[in-house]
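Notes for the structure review
Below are the chains, spelled out letter by letter.
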Amino acid sequence: PEVISNFSSYFSFRKVVKKIIFQKTFRTAAPVDLARFSNVIADKILEPMNGKPGELIESISTHYKHFSLKAISSDYFKDFRVGFCLINERIVVLSIPAEVLYGFFEFLTGSLPGVKIIPLGFAAGMIGYLPQESDIELGGYEVESAGNYGWPSTICPKSIACFKESLLSEITWMVPTE
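This one's a predicted model, so the numbers in the text were calculated from it and none came from an experiment.

Quick word on the pattern of salt bridges
Applying the stated criterion across every chain yields a total of two salt bridges. Its salt-bridge partner being Glu170, residue Lys65 comes within 3.2 Å of it at the nearest N-O pair. Of this pair, Lys65 sits in strand S3 (residues 60-70) while Glu170 sits in helix H6 (residues 157-174); the two residues are 105 residues apart in sequence, bridging distant segments of the chain. Among the residues examined, Lys65 registers a relative accessible area of 33% and is labelled partly exposed. Overall, Glu170 belongs to the buried group, its relative accessible area being 11%. Between Lys164 and Glu133 there is a salt bridge; the shortest N-O distance is 3.2 Å. Residue Lys164 is found in helix H6, and its partner Glu133 is found in helix H4 (residues 133-138); the two are separated by 31 residues along the sequence. Classification of Lys164 as buried rests on a relative accessible area of 6%.

Spelled out as structure tokens, the structure:
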């Protein structure tokens, strides 16, 4: 793990969250860092979701899950890990090692009303673009660029659909029901 003396070089909210999720940074906790992080969460995420002004992080939990995607033309699979971070039981920071197209998160947020999904792409590697299964037959740069990332062909649409459903299931399991 990387040991640093302060978070001053990790000013960006996304960088701080990635460091927390991937547990790559260890140091003695400083109250100012937690306050800064809590303020960003409160000001940028909770308040727009009808949270209370100045609401702090009351709970945070993280875990990882391994997934695989299959190429359409062979038995080629790419294995990767997705990080999940649940904040205050209604915000999910989702880190995927891919450039995930927007429709993917439309599916997740549309399936989980009241849950805020914060996507972090390019997290801990890059397996390529992650299109919707409906994008595969349409083609286009994102679909056809699979070869640039070591895929022998495009990603199998069924594999993408299973991955989306698995993500939804995992997030549903994490978020408490009312």
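As for the pairing of strand S4 (residues 77-87)
Among the 11 residues of S4, eight are classified as buried, and the element is accordingly described as predominantly covered. As paired elements, S3 and S4 share 11 bridges and run antiparallel to each other. Along S4, the bridge assignment pairs Tyr64 with Gly83. What sits between S3 and S4 in their antiparallel hairpin is a turn of six residues. In terms of strand pairing, S4 meets strand S5 (residues 91-95) through five bridges, oriented antiparallel.

A closer look at the side chain of Thr154
You can see Thr154 is positioned in the loop between helix H5 (141-144) and H6. Leaving out residues up to four positions away in the same chain, Thr154 has contacts with Ala71, Ile72, Ile136, Val143, Glu144 and Ala146.

Comments concerning the sheet that holds S5
Pairing in this open sheet of four strands is mixed, and the strands run S3-S4-S5-S7 from one edge to the other. The sheet terminates laterally at S3 and strand S7 (116-120), the two strands that pair on one side only. With strand direction ignored, the average angle separating the axes of adjacent strands in the sheet is 20°. Against the sheet, helix H3 (residues 102-111) engages S5 and S7, with an angle of about 155° to S7. Of the strands in this sheet, S3, S4, S5 and S7 touch H6, which is tilted by about 165° from S3.

Reading the values: the criteria
- Residues numbered from 1 in each chain as written.
- Predicted model: local features only at pLDDT ≥ 70, side-chain atom pairs only at ≥ 80, totals over all residues.
- Heavy atoms only, no water.
- Salt bridge = Lys/Arg side-chain N within 4 Å of Asp/Glu carboxyl O.
- Helix = DSSP H or I, 4+ residues; strand = E, 2+ residues; numbered from the N terminus.
- Buried < 20%, exposed > 50% of the residue type's maximum accessible area, 1.4 Å probe, protein only.
- Pairing = 2+ DSSP bridges.
- Contact = heavy atoms within 4.5 Å.
- Axes fitted to C-alpha atoms, helices over the stretch in contact; angles between N-to-C directions.

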